[in-house]
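Results of the structural survey
Listed below, chain by chain, are the residues.
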Amino acid sequence: MMELRTENLVVGYDKTPLIKDVNLKVVSGQVLTLIGPNGAGKSTILKTITRQLKRIGGTIYLGQESMNNMRDSDVSKSLSMVMTERLQTELLTGRDVVASGRYPYTGRFGILAKEDWEKVDEAIALVHAQDVQDQDFRKMSDGQRQRLMLARAICQDTDILLLDEPTSYLDMGFKLDILANIRMLARERNLAIIMSLHELDLAQKVSDTIACVKGDHIDRIGTPEEIFSGDYVQQLYGVTETAFDPVTGEVFLQGAKSEPKVFVIGGGGSGIAAYNRLQRENVPFVAGILQKNDLEYPTARALAAEVVSQKAFYPIEKAQIEEAKKWMEQCETCICTLPMEAFGPLNEANRELLEYAKEIGKLSM
Ligand SMILES: Nc1ncnc2c1ncn2[C@@H]1O[C@H](COP(=O)(O)OP(=O)(O)OP(=O)(O)O)[C@@H](O)[C@H]1O
């Protein structure tokens, strides 16, 4: 079992502290993710752990041993790091770059043995980069380079892997692929992984522990369930409460909040496309009647000027129907996004609203 722990670590530049009292811990088989706004200090922490930056204070432990007294060559057998920065290379193929991950194990001349090349090939296969491995590394796309840099770190064969925004340049397919690989490396190869991520929905899915970097300190450390609840993450990033849904990690634009012009009868997720369209057109609207467990409720809260809603799992009451009808009278037009089959016995209220929209001559298709 390997463990990396920082004790009152102080990180910063030119002896000026940026973040103090960094107390983080990650053990084999676990993923620790650093989140926080741009410039918060996530990369600075990672670079200090891997010694690319000088520690200002505190101690980093590898197992029981303080890293303060360890040689760089021993550290690089325990820690590998994937950076976002561009590696300056001279006419190296992708495979050469990955192979440089084996240098801590080769002799003075950097000659790789058969087993080293096997590890290189295995790592390249893991990130699905066989097709580009023989190309000039400098001429690769950011995403291709990012995958090869991960392969380089993997074949370094360390117990601890650090990744600075490993998915920033990747398309959706490769993002999922890399994150699945990160979980696999933790689960099957028992690696301890520390990474920084900007994609909060992904951080929520892959992390065992999340550390929130804010200002000059680590503001909170907890499980994804603990961090992604209430309005904590919104506060961390300085966005409004409705701009982020902590349950799904989804982000929302904000809609026009002035006097509503359109009433949208929705439910069961059917309203989302209409809400987004009205937001793009900057048209203030009312969304209703939604139950708070309706799929579109978080979008409605962010984009609608008003939401007529009922608690989750409670039947819609007369008071909400009356409220909705009042809004319909005030709006210029009503649209209904619910398909015919949605007017089941549990949705009588919205059927009544649809009838009312027709009756007052405001239903537009
Ligand atoms: N070489 C440097 N010298 C001095 N200050 C630096 C240096 N590099 C970064 N900083 C500063 O340190 C702070 C933290 O930067 P860092 O790159 O660690 O943030 P981050 O959380 O990784 O940000 P991002 O999410 O934008 O990547 C920033 O204010 C940055 O300007």
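Residues numbered from 1 in each chain as written. Predicted model: local features only at pLDDT ≥ 70, side-chain atom pairs only at ≥ 80, totals over all residues. Heavy atoms only, no water.

1. Focus on the state of the cysteines
Evaluation of the coordinates by the stated rule reveals zero disulfides. In this structure Cys334 is not part of a disulfide, and its nearest cysteine sulfur, from Cys331, lies 6.3 Å away. (Disulfide = S-S within 2.5 Å.)

2. Points about the pattern of salt bridges
All chains considered together, the criterion is met by 21 salt bridges. Among the salt bridges present, the one from Lys119 reaches Asp157, with a minimum N-O distance of 3.0 Å. Highlighted residues: Lys119 in helix 4 (residues 114–126) and Asp157 in the loop between helix 5 (142–155) and strand 8 (160–164), separated in sequence by 38 residues. Taking the relative accessible area as the measure of exposure, Lys119 reaches 30% and is therefore partly exposed. (Salt bridge = Lys/Arg side-chain N within 4 Å of Asp/Glu carboxyl O. Helix = DSSP H or I, 4+ residues; strand = E, 2+ residues; numbered from the N terminus. Buried < 20%, exposed > 50% of the residue type's maximum accessible area, 1.4 Å probe, protein only.)

3. Considering the sheet that holds strand 9 (residues 192–196)
Pairing in this open sheet of six strands is mixed, and the strands run 7-8-9-4-10-11 from one edge to the other. Since the sheet does not close on itself, it has two edges, and those belong to strand 7 (79–82) and strand 11 (217–222), each with one partner. The average undirected angle you get between the axes of adjacent strands in this sheet is 15°. The strands that helix 1 (residues 42–49) touches are strand 4 (31–35), strand 7, strand 8, strand 9, strand 10 (209–214) and strand 11; relative to strand 8, the one it contacts most, it runs at about 150°. Seen against the sheet, helix 5 touches strand 7 and strand 8 and runs at an angle of roughly 180° to strand 7. (Pairing = 2+ DSSP bridges. Axes fitted to C-alpha atoms, helices over the stretch in contact; angles between N-to-C directions. Contact = heavy atoms within 4.5 Å.)

4. Some words on the side chain of Gln310
Mapping Gln310 onto the fold places it in strand 16 (residues 306–310). A relative accessible area of 5% means that Gln310 is categorised as buried. For Gln310, the side chain forms a polar contact with the side chain of Gln320, separated by 3.3 Å. When sequence neighbours within four positions are dropped, the list of residues in contact with Gln310 reads Leu290, Gln291, Lys292, Pro315, Ile316, Glu317 and Gln320. (Polar contact = N/O pair within 3.5 Å; in protein donor to acceptor, adjacent residues only side chain to side chain.)

5. Things to note about the sheet that holds strand 15 (residues 285–291)
Taken in spatial order, the four strands make up an open sheet running 16-15-14-17, and their pairing is parallel. Each edge of the sheet is formed by a strand with only one pairing partner; in this case those strands are strand 16 and strand 17 (333–336). Looking at each pair of strands side by side, their axes are set apart by 15° on average, direction ignored. Note: strand 14 (residues 262–265) against strand 17, four bridges, orientation parallel.

6. Structural notes on the pairing of strand 11
By the bridge criterion, five bridges tie strand 10 to strand 11 in an arrangement that is antiparallel. Residue pairing across strands places Cys212 opposite Arg220, the latter belonging to strand 11. The hairpin formed by strand 10 and strand 11 contains two residues between the paired strands, and Gly215 there has a positive phi angle of roughly 60°.

7. Quick notes on empty space enclosed by the protein
Following the criterion strictly, the structure yields two cavities of 30 Å³ or more and no others. Here the second largest cavity defines a volume of roughly 40 Å³. In terms of lining residues, the second largest cavity is bounded by Ile154, Asp157, Thr158, Leu185, Arg189 and Leu191. Residue composition of the lining of the second largest cavity, grouped by class: three nonpolar, one polar and two charged. (1 Å grid on protein atoms, 1.4 Å probe; cavity = no way out; pocket = protein on both sides within 12 Å on 5 of 7 lines; lining within 4 Å. Points joined across faces, edges and corners; volume = space filled by probe spheres on them. Nonpolar A, V, L, I, M, F, W, Y, C, P; charged D, E, K, R; others polar.)

8. A closer look at the site of the ligand
The immediate surroundings of the ligand are formed by Tyr13, Leu18, Pro37, Asn38, Gly39, Ala40, Gly41, Lys42, Ser43, Thr44, Glu165 and His198. Tyr13 has a polar side-chain atom sitting 3.2 Å from a nitrogen atom of the ligand. Measuring from an oxygen atom of the ligand, one finds a side-chain N or O atom of Thr44 at 2.4 Å. Here the ligand has 640 Å² of accessible area as a free molecule, and 58% of this is covered by the chains. Ranked by residues supplied to the shell around the ligand, first place goes to helix 1 with three residues. Looking at the shell around the ligand residue by residue, the class counts come to four nonpolar, six polar and two charged. (Near = heavy atom within 4 Å. Areas by Shrake-Rupley, 256 points an atom, 1.4 Å probe, with all protein chains shown as cover.)

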